[in-house]
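Survey of secondary and tertiary structure
Spelled out, the chains give:
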Amino acid sequence: HDGLKHLPATAFRHDPSSLHPLSHRYSDSVCFGKALVIIGDPVHTIESTYRRFKLVHINKLRKNLLALPKFPEGFELENVYRDLVETGIDTTGLSLYIESWVK
C-alpha cells in the first residue's frame, strides 16, 4: 500500500499492539504491528528523495501534511531550497511528518 507511507501518524488509529489506517479506502484490508520512521539529516533526505523521485514524494508530503499545492513539474531542487528560505518554514512537509510520528 504505497500511499500509506506518506501519511502522518494522525492518519492512523493507534491501538496498544497495532496501527489501523483511518481512511475507509484501507481500513478493512491493512493493519500494522509497528511503524518505522528513520530520521536522518534533513538536507540529505530532501536531496536524495529529489534525486530518486524528483518531486513525487515531496508533493505527497506537501498535500498530506500542509495542504499545499504540488510544486510544478520541472521545479528544480534549488527552487525547493529557495522556497524554504523565502517562506521561513519547511514547505516540503518533511519536518511535520517526522514530528507527527515522534509524538
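Higher on the page you've got the structure.
Note that the structure is predicted; figures quoted are calculated from it, not measured. (Residues numbered from 1 in each chain as written. Predicted model: local features only at pLDDT ≥ 70, side-chain atom pairs only at ≥ 80, totals over all residues. Heavy atoms only, no water.)

1. A closer look at the packing of helix α2 (residues 56-66) against helix α4 (residues 94-102)
At their nearest, the axes of α2 and α4 sit 9 Å apart, and the two run at 60° to each other. When the axis of α2 is compared with that of α4, the two are oblique. In this structure, the crossing between α2 and α4 has a hand that is left-handed. On α4, the residues that touch L61, L65 and L66 of α2 are L94, L96 and Y97. Here the contact of α2 with α4 is built from residues that sort into 6 nonpolar, no polar and no charged. (Axes fitted to C-alpha atoms, helices over the stretch in contact; angles between N-to-C directions. Helix = DSSP H or I, 4+ residues; strand = E, 2+ residues; numbered from the N terminus. Parallel < 35°, antiparallel > 145°, perpendicular 65-115°, else oblique. Left-handed = near helix turned anticlockwise from the far one by under 90°. Contact = heavy atoms within 4.5 Å. Nonpolar A, V, L, I, M, F, W, Y, C, P; charged D, E, K, R; others polar.)

2. Considerations on the side chain of T92
Relative to the assigned elements, T92 resides in the loop between α3 (77-87) and α4. Residue classification places T92 among the buried residues on the basis of a relative accessible area of 1%. A distance of 2.4 Å separates polar atoms of two side chains, one belonging to T92 and the other to D90. From its side chain, T92 meets the backbone nitrogen of L94 in a polar contact 3.2 Å long. (Buried < 20%, exposed > 50% of the residue type's maximum accessible area, 1.4 Å probe, protein only. Polar contact = N/O pair within 3.5 Å; in protein donor to acceptor, adjacent residues only side chain to side chain.)

3. Some remarks on the pairing of strand β2 (residues 18-21)
The side-chain alternation of β2 yields two buried faces, one formed by S18 and H20 and the other by L19 and P21. Pairing geometry for strand β1 (residues 12-15) and β2, over 4 bridges, is antiparallel. Bridging from a neighbouring strand, H14 pairs with L19 of β2. The hairpin turn running from β1 into β2, its antiparallel successor, is 2 residues long. (Pairing = 2+ DSSP bridges.)

4. Quick word on the environment of L55
Note on placement: L55 falls in the loop between α1 (42-53) and α2. L55 sits in the buried class, given a relative accessible area of 8%. Sequence separation between L55 and G74 is 19 residues; the distance between their C-alpha atoms is 8.6 Å. Residues in contact with L55, not counting those within four places in the same chain, are Y50, F71, P72, F75 and V80.

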